[in-house]
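Residues per chain are reported as follows:
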Amino acid sequence: MGVHPTPLEDTMTADLLIHDARLLVTMDSARREIPGGWVAIRAGMVAAVGGAGDPPPPATHRLDATGCLVTPGLVNTHHHLYQNLTRAYPPMTGAPLFGWLRTLYPLWAAIDTEAVNVSAWVGLAELALSGCTTSTDHLYLHPRGAGDLLTAEIEAARDLGVRFHPTRGSMSLSVKDGGLPPDDVVQDDDEILAACEDAVRRHHDPEPGAMVRIALAPCSPFSVTRELMVRTAELAERLDVRLHTHFAENAEDDAYSLERFGARPYDYLREVGWAGDRTWVAHCVRPNDEEVRRLGAAGVGVAHCPSSNLILASGIAPVADLVAAGCPVGLGVDGSSSADAGSLWLEAREALLLAKLRGGADSVDARFVLERATRGGAGCLGRVGEIGEVSVGACGDLAVWDLSGPTFAGALADPVEAWLRCGPVAARDTVVAGRHVVRSGQLVSSRLADYLTAHDRIARRIQRLA
């Protein structure tokens, strides 16, 4: 279960001290930035924070961050981890959303517990190398006879040591019923709801410091019934867990909503009981101005997935407008068959460039995007004050970024702007709950080679189905 924060008294020793940062960006409620900053972690939680003039406590382990930018660990708010089994799949590199899905569904129908465990481990490792400490996953595909896929990916996250928010996704509307997925990957509503409740009972930890939390996530309006959307919202309310789905992703999505439901996407979201602060949606590329206002007023969170939106030509999401309206906005790498790269740093840089292209060169800066990648992601997952910031009592999740070498030559004025604009950048150290997952740019786990070998075998099996 969760770990409760323990205040660090003068006589106590920290488990880990990260010290002498060039700049510590806390993303706390005051958005403090501390030159020469240090962070003390005890029992997995931040126990003390200070600067160059504050004597740090003694520590069992020390991590020297001289010359480095230290930030909260990045938070990934949308992913389909199993999709790295069909990464950069050639027949679909030029297709828009609906055609892309129809071609890949038959391949994905071959996933099983081994495929999900291995692809999750590899995908989460890739994220950790990019400074990500918390990730969600939208696992909506549950082929018959495939086994307990949700548990398989949770086991991968636990083995690697990252904080994980998987969602029990679902599809119930097959091609014969007017949806997109084939019959063999859908389930009926009662079966789905029973599986959702079981997943929460077995895996969800509501306590502070939790390493695993579950959300409920019907895939999209074009793959589930209206009744399932309504009943899932009611179940989430009863179980006190969050809700997630795809929303307003591209022009096809809008047209489907108008034709099938006679409503714009936000109106449908409201009609089925999802327009509230328990919900965060993926993509949200095409809300109109009125929908942006209403999403913000309702407190709906948004997972912005810039690379996927570009590759599938979905459009440029109005991120700055959504934030101004009051939406918690985080970043997501999306599935590795559409975004293809599982680097949250890369998504942050894409988000910066796209927001400037949409709103003007002076519309956003690197700090705006870093906040989306940290505190904004925490808002989507309902964990502000716990993750996505460095403050006493928050989870001990941090990323250390080396700003030396040719990439950063001349980048003296602002380490945050340098971090996002110079690149490409991988984390030097990624720390989750006070423990290294990445040290000196390498995974701490010794199992990477074995997992990559298994991943290659499984990916070849699945892609041969084409």
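The model shown is predicted, which means the values in this text are computed figures rather than measured ones. (Residues numbered from 1 in each chain as written. Predicted model: local features only at pLDDT ≥ 70, side-chain atom pairs only at ≥ 80, totals over all residues. Heavy atoms only, no water.)

Asks: Teacher, can you tell me more about the state of the cysteines here?
Replies: According to the stated counting rule, one finds zero disulfides in the structure shown. Unpaired in terms of disulfides, C196 finds its nearest cysteine sulfur in C219, a separation of 13 Å. Residue C395 stays outside any disulfide, its sulfur separated by 13 Å from that of C132, the closest cysteine. (Disulfide = S-S within 2.5 Å.)

Asks: Sorry if this is basic, but what is going on with the environment of R201 here?
Replies: For R201, the position within the fold is in helix α4 (residues 189-203). The exposure class of R201 is exposed, given its relative accessible area of 63%. Between the C-alpha atoms of R201 and L101, which are 100 residues apart in sequence, the distance is 31 Å. Side chain to side chain, R201 and D198 meet in a polar contact 2.4 Å long. (Helix = DSSP H or I, 4+ residues; strand = E, 2+ residues; numbered from the N terminus. Buried < 20%, exposed > 50% of the residue type's maximum accessible area, 1.4 Å probe, protein only. Polar contact = N/O pair within 3.5 Å; in protein donor to acceptor, adjacent residues only side chain to side chain.)

Asks: Would you mind showing me how to read the sheet that holds strand β17 (residues 429-432) here?
Replies: The strands making up a sheet associate through hydrogen bonds between their backbones, and the pairing can be parallel or antiparallel. In spatial order, the strands read β3-β2-β7-β16-β17-β18-β19; together these seven strands make up an open sheet with mixed pairing. Each edge of the open sheet is held by one strand with a lone partner, namely β3 (33-35) and β19 (442-443). (Pairing = 2+ DSSP bridges.)

Asks: I tried to follow the side chain of R163 on my own but got confused; where do I start?
Replies: On the secondary structure map, R163 appears in strand β10 (residues 163-170). R163 sits in the buried class, given a relative accessible area of 1%. A polar contact is formed between the side chain of R163 and the backbone oxygen of A210, at a distance of 3.0 Å. Within the local environment of R163, its side chain forms a polar contact with the side chain of D397, the two groups lying 2.8 Å apart.

Asks: What is the right way to look at the pairing of strand β4 (residues 38-42) in this model?
Replies: One face of the sheet, then the other: side chains in a regular strand alternate in exactly this way. Of all five residues making up β4, four are buried, and the element is well covered by its neighbours. Note that strand β1 (residues 14-19) and β4 share three bridges and pair antiparallel. For I18, the partnering residue across the bridge sits in β4 and is V39. Looking at chain direction, β4 and strand β5 (residues 45-50) are connected through five bridges and run antiparallel. Across the sheet, V39 pairs through a bridge with V49, a residue of β5. Hairpin connection of β4 to β5: two residues between the antiparallel strands, including A43 at a positive phi of 50 degrees.

Asks: I tried to follow the packing of aromatic side chains on my own but got confused; where do I start?
Replies: Each aromatic ring pair is characterised by the separation of its centres together with the angle its planes make. Here the structure, examined in full by the defined rule, presents seven aromatic pairs. Pairing Y256 with F261 gives two aromatic rings, centres 6.0 Å apart and planes at 75 degrees, and the pair type is edge-to-face. The exposure class of Y256 is buried, given its relative accessible area of 14%. Look at F261 and you get buried, because its relative accessible area is 18%. Ring geometry for F261 versus Y268: centroids 3.8 Å apart, planes at 10 degrees, classification stacked. Taken together, the ring pairs connect Y82, Y105, W108 and Y140 into an aromatic cluster. (Phe/Tyr/Trp six-rings, centres within 6.5 Å; stacked < 30°, edge-to-face > 60°.)

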